[in-house]
Amino acid sequence: MQTRKDIPMTRRKLAMILAAMAVPAPVLLRPGAARSAAPTPVILYKNPSCSCCEAYAQYLDQNGFAVEVRPTNDLAEISRKAGIPADLEGCHTSFIGAYVVDGHVPAPTIRKLLDEMPAIVGITLPGMPPGSPGMGDEKAGPLTVYAISNDGSPPRVFAED
Ligand SMILES: [Cu+2]
């Protein structure tokens, strides 16, 4: 039986498909426009006991990504090898396309990364800030996401969410 909640979702999907069909072809070919098609694959490494990492994986799944969660006891090593400085580590390490995305980075910021394709190793949201995706609670302030350079230069601010 369909719940009342399902009906608007289906209508919204249909509306999105119709809207996409009405868009001229060149717009559909833009990288950002492709997001409505297939979800973006993500491989997410986490400590086996981390539950906020699971919540974050679910958040990504609900926002156009397809997350494969890989529990590991070597997270610090994976993060270090990926180029994340120890003092900027998040609580899980994701690989998305050519980039590493560490910690509870909001989906729009990942999209910004994938759309702009900067020549960097990736981005990180250090620690487990309250109010970040998967963490719940109220935000204590803006979430500062850092870009990790591929030339050894110091991390810089990539986005304030
Ligand atoms: Cu966490």
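What counts, and where the lines are drawn
- Residues numbered from 1 in each chain as written.
- Predicted model: local features only at pLDDT ≥ 70, side-chain atom pairs only at ≥ 80, totals over all residues.
- Helix = DSSP H or I, 4+ residues; strand = E, 2+ residues; numbered from the N terminus.
- Buried ≥ 20, exposed ≤ 12 C-beta atoms within 10 Å, placed from the backbone.
- Pairing = 2+ DSSP bridges.
- Axes fitted to C-alpha atoms, helices over the stretch in contact; angles between N-to-C directions.
- Contact = placed C-beta atoms within 7 Å.
- Core = buried A, V, L, I, M, F, W, Y, C linked by C-beta atoms within 7 Å.
- Right-handed = clockwise from strand over helix to strand, strands pointing away.
- pLDDT = per-residue confidence, 0-100.

## A word on unusual backbone geometry
For M117, which is not a glycine, the phi torsion comes out positive at approximately 45°. Looking at the secondary structure, you find M117 in the loop between helix 5 (107-116) and strand 5 (120-124). A count of 11 C-beta atoms within 10 Å places M117 in the exposed class. A positive phi angle is found at D137, which is not glycine, with a value near 65°. Structurally, the position occupied by D137 is in the loop between strand 5 and strand 6 (144-149). For D137, a count of 9 C-beta atoms within 10 Å puts it in the exposed group.

## Examining the sheet that holds strand 2 (residues 65-71)
In spatial order, the strands read 2-1-3-4-5-6-7; together these seven strands make up an open sheet with mixed pairing. Each edge of the sheet is formed by a strand with only one pairing partner; in this case those strands are strand 2 and strand 7 (156-160). Neighbour-to-neighbour, the strand axes of the sheet open up by a mean angle of 25°, direction not taken into account. Sheet topology places strand 3 (residues 92-96) next to strand 4 (residues 99-102); four bridges connect them, and they run antiparallel. Of the residues in strand 4, the one forming a bridge with F95 is V100. Across the sheet, helix 3 (residues 51-61) touches strand 1 (40-46), strand 2 and strand 3, and the angle it forms with strand 2 is around 160°.

## A look at the environment of P142
Positionally, P142 belongs in the loop between strand 5 and strand 6. Taking the C-beta count within 10 Å as the criterion, P142 has 11 such neighbours and is therefore assigned exposed. As a C-alpha pair, P142 and G131 span eleven residues in sequence and 9.4 Å in three-dimensional space. Excluding residues that lie within four positions of it along the chain, P142 makes contacts with E160 and D161.

## Remarks on the nonpolar core
V101, V105, I110, I123, V145, Y146 and I148 are the most contacted members of the largest nonpolar core, which totals 15 residues. The set of elements that each furnish at least two residues to this core consists of strand 4, helix 5, strand 5 and strand 6. Per-element tally for this core: the top contributor is strand 6, with three residues. L44, Y45, A57 and L75 belong to the second largest nonpolar core, which has ten residues in total.

## Quick look at the pairing of strand 7
As defined by bridge partners, strand 6 adjoins strand 7 across four bridges and the pair is classed as antiparallel. Counted as the bridge partner of Y146 is V157 from strand 7. Between strand 6 and strand 7, which pair antiparallel one after the other, the connecting turn spans six residues, and G152 there sits at a positive phi close to 85°.

## So, the pairing of strand 5
Counting buried positions over the five residues of strand 5 gives four, a clear majority of the element. By the bridge criterion, three bridges tie strand 4 to strand 5 in an arrangement that is parallel. The partner of V101 across the bridge, within strand 5, is I123. On the question of chirality, the crossover connecting strand 4 to the parallel strand 5 by way of helix 5 is left-handed. Looking at chain direction, strand 5 and strand 6 are connected through four bridges and run antiparallel.

## A word on the confidence of the model for the protein chain
Mean pLDDT over the protein chain: 86, with 78% of residues reaching 70 or higher. Within the model, pLDDT remains below 50 along residues 1-7, and this stretch shows one contact once partners closer than five positions in the same chain are excluded. This model gives residues 23-29 a pLDDT under 50, and the stretch forms three contacts once residues within four places in sequence are excluded.

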